[in-house]
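As a plain string of letters, each chain reads:
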Amino acid sequence: MRRSLGREVCQRIRGEVSESAGMRCFRPQSSRAAGEVYKGQASQSQQVSGDVRDAGEAGAQQGSKHQLSRIMRPDDANIVGNVHGGIILKMIEEAGCIIGTRHCNTQNGDRCLAALVRVEKTEFLSPVFIGEVAHVTAEITYTSKHSLEVQVKVMAENILTGAKKLANKAALWYVPCSLQNVDKIMEVPPIKYASAEQEEEGRKRYETQKTERLDTKARIEEVVPPPPNPDDLPKEKHSVGFSQSSLIHLVGPSDCTLHNYVHGGVTMKLMDEVAGIVAARHCNTNIVTASVDAINFHRKIMKGCVVTVTGRLTFVSNKSMEIEVLVDATSLVEAEKGKYRAVSAFFTFISLDKHNRPLPVPPLKINGEEEQRRFEEGNARYLHNKAKRLAEKQQQ
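These numbers were taken from a predicted model, which means no experiment stands behind them.

Student: Give me the overall build of the chain: which residues, what numbers.
Tutor: Helix and strand content of the chain: 8 helices and 12 strands. Residue burial in the chain is summarised as follows: out of 396 residues, 43% are buried. Put simply, of all contacts in the chain between residues at least 6 apart along the chain, 74% involve residues at least 24 apart. By element, 53% of the accessible surface of the chain is carried by carbon and sulfur atoms, the whole surface being about 22,600 Å².

Rendered as structure tokens:
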């Protein structure tokens, strides 16, 4: 009796969620009915193909939008119900990849796939909780000859009350890689801008990110010492070595694109997980991602590679922690190529109490000139970002 009732409730909930998400389930009553449906769809294929082609051409001119939505499940969140920042980053990248790939394939020539090369600084404005629906909207806002900028907005909706909140905004840069040759970068169809000023602002953003990507190459080959054995951790807490953590992951087919290299969103999720472990070890409280500085994808990670994701504290303020995360890759098939730096970024976390209010963060204990140098660089980034936020508030 109880099991039957549970099944009935689950079916009812499933139906309500499908209706609210604008989805309809269809099951043909017989093979004949299924055949008729298929026949009807096939007879309209030419018209649909033409409609899609026309829509694609319009999108290439106007910078079309794409939205994906998903309800947040328990396995998306931490133990207190906050959705992991890595889950949101993964959804952002998926939306950007879809719209970027769709746009770049509106032209004749080789088919291509939009590959993520950079994510600009991302602020996590509001937490997302289990049961809420994340609506991710992506729009192409600038195109150069071989790259495109996609701006993404994440809205969190409480489907019980209808309340919505802005959870995240991000800007991502993609390049189209040919399906025939992953090393061949395709040209990007231009979009139509609302004004010359809008195009000029986009060009400035393009030049800025290009310069910053080149600047980061100076430190991407830095060798990171292996994380300490938990049994050999320093007795002194709150040091860099005490919280430094690594995650080792073998890249499988489910992690990869059609080119057999890793989805950018998969890598960002691993990076967020490692940064979260570092932050939790340092303050021993509930922690959440507050922001992510620019994520630079330096080299592709192919299927069959072993990736080592390492996080270490670089700077701590009164209520925030900056964690440098570096991703190194080694091919199991071509081991002679050795290990290489694939991705780098800085994550900022905050500590929260049981009511989701910010808590003070323990000071970071510095050992040696190298840690002092990284701390001072982190402090400079912290002050720069703080001044930028204040300037933006004054403009509003």
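That was the structure; now back to the text.
Student: I'd like to hear about the pairing of strand S5 (residues 148–157), residue by residue, with values.
Tutor: Along any regular strand, the residues point their side chains to alternate faces of the sheet. Within S5, 7 of the 10 residues are buried, leaving the element largely enclosed by the surrounding structure. Where strand S4 (residues 133–143) meets S5, 10 bridges bridge the pair, whose relative direction is antiparallel. Looking at S5, one finds that threonine 143 is bridged to leucine 148. From the end of S4 to the start of S5, which pair antiparallel, there are 4 residues. Of the pairings in the sheet, the one linking S5 to strand S6 (residues 164–178) comprises 10 bridges and is antiparallel in character. Each bridged residue has a counterpart across the sheet, and for glutamate 157 the counterpart in S6 is lysine 164. Two successive antiparallel strands, S5 and S6, enclose a turn made up of 6 residues, where glycine 162 displays a positive phi of approximately 85 degrees.

Student: An account of empty space enclosed by the protein is needed here, citing residue identities and associated values.
Tutor: Using the criterion set out here, one finds 1 cavity of 30 Å³ or more in the structure. Its volume calculated, the largest cavity comes out at about 40 Å³. Every element with two or more residues in the lining of the largest cavity is listed here: helix H7 (264–283) and strand S10 (305–316). For the lining of the largest cavity, the leading source of residues is H7, giving 3 residues. Partitioned by chemical class, the residues of the lining of the largest cavity number 8 nonpolar, 2 polar and no charged.

Student: Go over H7 with me, naming the residues and quoting the values.
Tutor: Compared with an ideal rise of 1.5 Å per residue, which puts 20 residues at 28 Å, H7 spans 29 Å between its outermost C-alpha atoms and is within 8% of the ideal. Two residues or fewer past H7, asparagine 284 is found with a positive phi of approximately 55 degrees.

Student: Pulling in residues and values, what's your account of the side chain of arginine 341?
Tutor: Among the secondary structure elements, arginine 341 is positioned in strand S12 (residues 340–352). Arginine 341 gets classed as buried once you look at its relative accessible area, which sits at 3%.

Student: Can you lay out unusual backbone geometry for me, pointing to particular residues and giving the numbers?
Tutor: Unusually for a residue other than glycine, asparagine 260 sits at a positive phi of about 70 degrees. For asparagine 260, a relative accessible area of 34% corresponds to the partly exposed category. Notably, asparagine 284 is not glycine yet its phi reads approximately 55 degrees, a positive angle. Within the secondary structure layout, asparagine 284 lies in the loop between H7 and strand S8 (286–292). Since its relative accessible area comes to 70%, asparagine 284 is described here as exposed.

Student: Which residues make up the packing of helix H4 (residues 85–104) against H7, and what values go with them?
Tutor: Two elements in contact, H4 and H7, have axes separated by 8 Å at closest approach and are oriented at 165 degrees. Compared by their axis directions, H4 and H7 come out roughly antiparallel. Judged by the sense of rotation from one axis to the other, the crossing of H4 with H7 is right-handed. Residue-level inspection shows Gly85, Gly86, Ile87, Leu89, Lys90 and Glu93 of H4 in contact with H7, the latter providing Gly264, Gly265, Val266, Met268, Lys269 and Asp272. Looking at the contact of H4 with H7 residue by residue, the classes come out as 4 nonpolar, 4 polar and 4 charged.

Student: I'd like a description of the side chain of glutamate 149, backed by residues and values.
Tutor: For glutamate 149, the position within the fold is in strand S5. Take glutamate 149: its relative accessible area is 1%, and that puts it in the buried class. At a separation of 2.7 Å, a polar atom in the side chain of glutamate 149 contacts the side chain of arginine 205. For glutamate 149, the contacting residues outside a window of four places in its chain are Glu139, Ile140, Thr141, Tyr142, Ala171, Leu172, Trp173 and Arg205.

Student: Residues and numbers for the packing of aromatic side chains, please.
Tutor: By convention here, two paired aromatic rings are described through the distance between centres and the angle between planes. On inspection of all chains with the given rule, the structure shows 6 aromatic pairs. Aromatic side chains tyrosine 142 and tyrosine 206 sit 6.1 Å apart centroid to centroid with 35 degrees between the ring planes, which places their arrangement in the tilted category. Highlighted residues: tyrosine 142 in strand S4 and tyrosine 206 in helix H5 (residues 196–216), separated in sequence by 64 residues. The same class applies to tyrosine 142 and to tyrosine 206, which are both buried. A relative accessible area of 17% means that tyrosine 206 is categorised as buried.

Rules used in this analysis
Residues numbered from 1 in each chain as written. Predicted model: local features only at pLDDT ≥ 70, side-chain atom pairs only at ≥ 80, totals over all residues. Heavy atoms only, no water. Helix = DSSP H or I, 4+ residues; strand = E, 2+ residues; numbered from the N terminus. Buried < 20%, exposed > 50% of the residue type's maximum accessible area, 1.4 Å probe, protein only. Contact = heavy atoms within 4.5 Å. Areas by Shrake-Rupley, 256 points an atom, 1.4 Å probe, with all protein chains shown as cover. Pairing = 2+ DSSP bridges. 1 Å grid on protein atoms, 1.4 Å probe; cavity = no way out; pocket = protein on both sides within 12 Å on 5 of 7 lines; lining within 4 Å. Points joined across faces, edges and corners; volume = space filled by probe spheres on them. Nonpolar A, V, L, I, M, F, W, Y, C, P; charged D, E, K, R; others polar. Expected span 1.5 Å × (residues − 1). Axes fitted to C-alpha atoms, helices over the stretch in contact; angles between N-to-C directions. Parallel < 35°, antiparallel > 145°, perpendicular 65-115°, else oblique. Left-handed = near helix turned anticlockwise from the far one by under 90°. Polar contact = N/O pair within 3.5 Å; in protein donor to acceptor, adjacent residues only side chain to side chain. Phe/Tyr/Trp six-rings, centres within 6.5 Å; stacked < 30°, edge-to-face > 60°.

So far we have only geometry, and geometry alone does not tell us how the molecule works.
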